[in-house]
Amino acid sequence: MPEALSYLFSSWLRPDLLALTAIGTFTGIYVGAIPGLSVTMAVSILISFTFSWDVNTALALMNGIYMGGVYGGSRMAILLNIPGTPAAIATALDGYPLAKKGEAGSAIGLSTVMSVLGGFVGIAVLAVAAPTVSEFAILFQPRDYMLLAIMGILLVGSLSGESLAKGVFAGALGLLLGTVGLDPMTAEQRFTFGSVQLMSGIAPIALMIGLFGVSEALLQLHNIHAEAIKQKVGRIVPSLADVRKYLSLSLQTSGIGALIGALPGTGGDIAALIAYDHAKRVTKNPEVPFGEGAKEGIVGAETANNAAVAGAYIPMLTLGIPGDAVTAIIIGALFIHGLNPGPLLMIEKPDIFWFTVGNLVLANVFLLIFGLTGIKIFTRIVECPKSILFPLILLLSVVGAFSINNAITDVWWMLGFGVFGYLLKLYGYQIGPIVLGIILSRLMDGNWRRAIISEQDSIPAFLMGIVTSPLSLAFLLVILFALVSQMPWWKALRNRGAGPA
Amino acid sequence: MPNEVQTRRPGEVTFNAVLLAFSLFMFWQAYLIVGFSSLSSAGAFPMAMTAIMSVTAAIALLRSARRRSPQGGVTLFRKEVLPPAVVVFSAFILGYSLLLQPLGFLLASFLFLVVSTWFLEAGRFRRAVLLSTISIVGVYVVFRLIFQVVLPEGLIPERGLASAIGNLLRGGN
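Residues numbered from 1 in each chain as written. Chains lettered and ligands numbered in written order. Predicted model: local features only at pLDDT ≥ 70, side-chain atom pairs only at ≥ 80, totals over all residues.

A. Looking closely at the overall build of chain A. Helix and strand content of chain A: 24 helices and 2 strands. Against the compact-globule benchmark of 23 Å for 501 residues, chain A has a radius of gyration of 22 Å, which places it among compact chains. When its C-alpha atoms are laid out on the principal axes, chain A stretches across 65 × 55 × 55 Å. For chain A, buried positions account for 60% of its 501 residues. (Helix = DSSP H or I, 4+ residues; strand = E, 2+ residues; numbered from the N terminus. Rg over C-alpha atoms; globule rule 2.2 N^0.38 Å. Buried ≥ 20, exposed ≤ 12 C-beta atoms within 10 Å, placed from the backbone.)

B. Geometry of the overall build of chain B. Scanning chain B from terminus to terminus reveals 7 helices and 0 strands. Taken from N to C terminus, the helices and strands of chain B fall in the order α-α-α-α-α-α-α. The C-alpha radius of gyration computed for chain B amounts to 25 Å, which surpasses the reference 16 Å derived for 173 residues by more than 25%, pointing to a less compact arrangement than a globule. If one aligns the C-alpha atoms of chain B with their principal axes, the spans along those axes are about 70 × 50 × 35 Å.

C. Representation of the environment of P315 of chain A within the structure. Residue and element names in this part refer to chain A. Locating P315 in the fold gives a position in helix α14 (residues 295–319). Given 25 C-beta atoms within 10 Å, P315 falls into the buried group. The spatial distance from the C-alpha of P315 to the C-alpha of G261 is 9.2 Å, given a sequence separation of 54 residues. Leave out the neighbours within four places in its chain, and P315 touches A262, P264, I321, P322 and G323. (Contact = placed C-beta atoms within 7 Å.)

D. The arrangement of the environment of I108 of chain A in detail. If you trace the backbone, I108 of chain A turns up in helix α7 (residues 104–137). According to the C-beta neighbour criterion, I108 of chain A is buried, with 28 such atoms within 10 Å.

E. Summary view of the domain arrangement of chain B. Under the domain assignment used here, chain B contains domain 1 (12–80) and domain 2 (84–172). Domain 1 of chain B and domain 2 of chain B are separated by 39 Å when their C-alpha centres are compared. (Domains from an automatic or database assignment.)

F. View of the interface of chain B and chain A. Contacts between the two partners involve 50 residues from chain B, matched on the other side by 47 residues from chain A. Elements with a contribution of two residues or more to the side of chain B that touches chain A: α1 (12–34), α2 (44–66), α4 (84–103), α5 (105–120) and α6 (125–146) of chain B.

G. The arrangement of helix α13 (residues 268–282) of chain A in detail. Helix length check: α13 of chain A, at 15 residues, gives a terminal C-alpha distance of 21 Å against a target of 21 Å (1.5 Å per residue), a fit within 8%. Looking only at α13 of chain A, the buried set comprises G268, D269, I270, A271, A272, L273, I274, A275, Y276 and A279 of chain A. (Expected span 1.5 Å × (residues − 1).)

H. Quick peek at the packing of helix α3 (residues 15–33) of chain A against helix α5 (residues 55–80) of chain A. All names here are of chain A. For the pair α3 and α5, the least separation of the axes is 5 Å and the interaxial angle reads 30°. Looking at the two axes, α3 sits roughly parallel to α5. Read as a crossing pair, α3 and α5 show a hand that is right-handed. Residue composition of the contact of α3 with α5, grouped by class: 18 nonpolar, 14 polar and 2 charged. (Axes fitted to C-alpha atoms, helices over the stretch in contact; angles between N-to-C directions. Parallel < 35°, antiparallel > 145°, perpendicular 65-115°, else oblique. Left-handed = near helix turned anticlockwise from the far one by under 90°. Nonpolar A, V, L, I, M, F, W, Y, C, P; charged D, E, K, R; others polar.)

I. Local environment of the confidence of the model for chain B. Averaged over every residue, the pLDDT of chain B is 85; residues scoring 70 or more account for 95%. Confidence metrics for the complex model read pTM 0.85 and ipTM 0.89. (pLDDT = per-residue confidence, 0-100.)

J. Unusual backbone geometry, seen in detail. Residue and element names in this part refer to chain A. Positive phi, close to 50°, is recorded for N406, a residue that is not glycine. Following the sequence through the fold, N406 ends up in the loop between α19 (386–405) and α20 (408–426). Positive phi, normally seen in glycine, also occurs at D457, with a value near 60°. Within the element layout of this structure, D457 appears in the loop between α21 (432–454) and α22 (459–468). By C-beta crowding, D457 is classed as partly exposed, having 14 other C-beta atoms within 10 Å.

K. Highlighting the packing of helix α6 (residues 89–100) of chain A against α13 of chain A. Residue and element names in this part refer to chain A. It is the contact of α6 with α13, at a shortest axis distance of 7 Å, that shows an interaxial angle of 45°. The angle between α6 and α13 falls in the class oblique. Across from I89, A90 and L93 in α6, the residues of α13 making contact are D269, A272, L273 and Y276. Residue classes in the contact of α6 with α13 are distributed as 6 nonpolar, no polar and 1 charged.

L. Inspection of the environment of F366 of chain A at higher detail. Residue and element names in this part refer to chain A. Within the element layout of this structure, F366 appears in helix α17 (residues 350–372). Given 22 C-beta atoms within a 10 Å radius, F366 is considered buried. Taking the C-alpha atoms as reference points, F366 and T50, separated by 316 residues in sequence, lie 21 Å from one another. Apart from residues no more than four positions distant in its own chain, F366 is found in contact with T21, A22, T25 and G64.

What follows is the structure, encoded as structure tokens:
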């Protein structure tokens, strides 16, 4: 335990880690705040530059960006009604009306304090729950991992997209892309088309940079000449009375956020919407109605989305299953650093876990500092010319892909998937499931084969195994629910059940 | 709630059809790995995935074909799917990637930034050069000097430059 404690505070004591966490958090806030830039984009591009670092320094930067980015989205949601990140959609509902009343400053201040509070609750849940989950995870059968992976991809695909079929397509495509190369079990060639380069597979980070960096930058070129609107921002440090008033609600919504974040496949965006809904239900007499500037709405959304950040680390560090797209990219980086996230990580490398917990706390402290200061610089930076911003993103994407292996091949893959991702997004397919699929492909393929071999290739025996184990059955039911709840006939049935209003 | 008949996006049917064709082709390729030999073979999982892709792509294709086709033809396609900025930029990135190794990071990146910023700034050349210079210095300092990323050297003896700056900083201490 004392050893764990020393890891916990290592990022506080080493100046380079301290600086990187601060830089990451600061960058994250701006990345989240500038519409068109996203946390996934920043993490996927930057991660390729960190391969030569040791794992802790790379994690320090990523943790900071993730924490800062999820919070940063709230800024533009409040000021311009444009959520900088999907996680800030719920924040815009009440934040923007407040800004229109001239209370942008107090809305930003409240969202900062609440984000930090939610962040701390999420980290506490991570520190307490992850060791338990990883002990429990040793009981998991291969089929459970397979079902969990399906669950993660389905939840990402079905909850956030325009159609379930497109979400499932994207997930399957990602899983397929992950199989390219030599089969790790039998060394048979899969989809190599005779190319030696394809035998080692396609670099996942190159695909991610293309899908998140280039495709998004190309999409943003559609409305590059949109003019920025300016809002007046007053005092932002909120009063202690305000914070105390919403303390009970904020603790509830933080808890909700951490739990939803911990589900594989659901991240801050869904957590924020559900917590917003919760805040709406439990606030009996809001001073201002919800949707017209109720501070309770901001409290609910902002606590939950930052609590979900730490929550998303739980399945990533204990099961090797990412909680959302950002943690999927971080898993990709951990693989490259020779780490294998899963139940054994906590036993073999407890330092990584405790480092992450301590580092997230640090990032959260920086979030408070940067969130409540420097609002003047903030408005200047956010107005930086788009004409240089998007070329810069593309430049970093190319250089990032190149620096994975110092090979131009990765750049071609990156560009190909950049254009492909652009078209996919344009036609309503989501990118999230593809990335989750790429990361989960090996885990799912391997566990499927282990599971079916142990049942002597018998499907009935495999199904019996699922139905007779309470854990597997529970996972299966969640999967079925995620599927059925998106079916057109089910939606029609529910609408009829609700009756003509 | 009656099914709303929406207008599909220009090119949507073609795109979905290409996805379906790709899925079917990959299914065939997955079959070629080992055929239908066993459920735990190297080809089983890829075959399952490509089968799912084929079915879902077919559903997406049918749905898009059932929607009203967009009015506006090629003009609309050019506006919504491939606006000039996107086409031009794709060409810029392609050119940049091709030049990255022969010219080296500094020269190729500077050219790319100037040309693309100039394009987006609609002709304000001096502003484009200024912005590009500031950006390239920033990127170089952060990624090459601080993060120590190895970048293609090309025509400018950049490695010598980096170590000279390093020596200067060390000498200054």
